Amino acid sequence: MAFVPPDSGEFDVRVTAVARVQEPTAGGGLAESYVTVATVRARLRSLFGSRTIEGEQTTERATHVFTIRAREAARGWRYLEALGRRFRIHSVLDQGRRRQWQELLAEELGNAD
């Protein structure tokens, strides 16, 4: 898949990077929640059909590609929320001549509750 640099008008989706945290409950268990790490604008593209993108050592399935302006912190992101849905990031690819863009290959997990 060849990288096509985005136009500024294509950054039309507000994306929130979230981290999953576990906090102890009164009953001695753990409760999962998500906290906001960063909010960015992105270009969002769906991968259609049966096409999957596989990593070199894993076979995780990417269903969407988020393109953002490059941020070093994005390498540590694991989850995204956009358009009321949650996504798991499988890989981050540096793109562009001077690596000014990053593509986040992500799998849709369902509604962001």
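The following paragraphs examine the structure supplied in this document. (Residues numbered from 1 in each chain as written. Predicted model: local features only at pLDDT ≥ 70, side-chain atom pairs only at ≥ 80, totals over all residues. Heavy atoms only, no water.)

1. A short note on the packing of aromatic side chains
Phase 1 of the analysis: The full count for this structure, using the stated rule, is 3 aromatic pairs.
Phase 2 of the analysis: A centroid spacing of 5.6 Å and a plane angle of 25° characterise the contact between Phe 11 and Trp 101, whose relative ring orientation is stacked. One end of the pair, Phe 11, is in the segment before strand S1 (13-24); the other, Trp 101, is in strand S6 (residues 101-111), with 90 residues separating them in the sequence.
Phase 3 of the analysis: Look at Trp 101 and you get buried, because its relative accessible area is 9%.
Phase 4 of the analysis: Sitting over the ring of Phe 11, Arg 69 keeps its end group 5.3 Å from the ring centre.
Phase 5 of the analysis: In this arrangement the basic side chain of Arg 86 is found over the ring face of Tyr 34, its NZ or CZ atom lying 3.7 Å from the centre. (Phe/Tyr/Trp six-rings, centres within 6.5 Å; stacked < 30°, edge-to-face > 60°. Helix = DSSP H or I, 4+ residues; strand = E, 2+ residues; numbered from the N terminus. Buried < 20%, exposed > 50% of the residue type's maximum accessible area, 1.4 Å probe, protein only. Lys NZ or Arg CZ within 6 Å of the ring centre and 35° of its normal.)

2. Observations concerning the sheet that holds strand S3 (residues 64-69)
Phase 1 of the analysis: As summarised here, the arrangement of the 6 strands in space is S1-S2-S3-S6-S5-S4, forming a closed barrel in which the pairing is antiparallel. Going from strand to strand, the sheet's axes swing by 45° on average, the running direction of each strand aside. (Pairing = 2+ DSSP bridges. Axes fitted to C-alpha atoms, helices over the stretch in contact; angles between N-to-C directions.)

3. Observations concerning the nonpolar core
One recurring pattern in soluble globular proteins is that nonpolar side chains are buried together.
Phase 1 of the analysis: Of all hydrophobic cores here, the largest spans 17 residues; its most connected members are Val 15, Phe 66, Ile 68, Trp 77, Leu 80 and Leu 104.
Phase 2 of the analysis: Of all the secondary structure elements, the ones that give two or more residues to this core are S1, strand S2 (30-46), S3, strand S4 (79-82), strand S5 (85-95) and S6.
Phase 3 of the analysis: Other than its neighbours up to four places away in sequence, Val 15 contacts Ala 38, Thr 39, Val 40, Ala 42, Phe 66, Leu 80, Glu 81 and Ala 82. (Core = buried A, V, L, I, M, F, W, Y, C linked by side-chain atoms within 4.5 Å. Contact = heavy atoms within 4.5 Å.)

4. Focus on unusual backbone geometry
Phase 1 of the analysis: Positive phi outside glycine occurs at Leu 83, with the angle close to 55°.
Phase 2 of the analysis: Exposure remark for Leu 83: the relative accessible area of 59% places this residue in the exposed category.
Phase 3 of the analysis: Positive phi outside glycine occurs at Arg 99, with the angle close to 55°.
Phase 4 of the analysis: Inspection of the secondary structure puts Arg 99 in the loop between S5 and S6.

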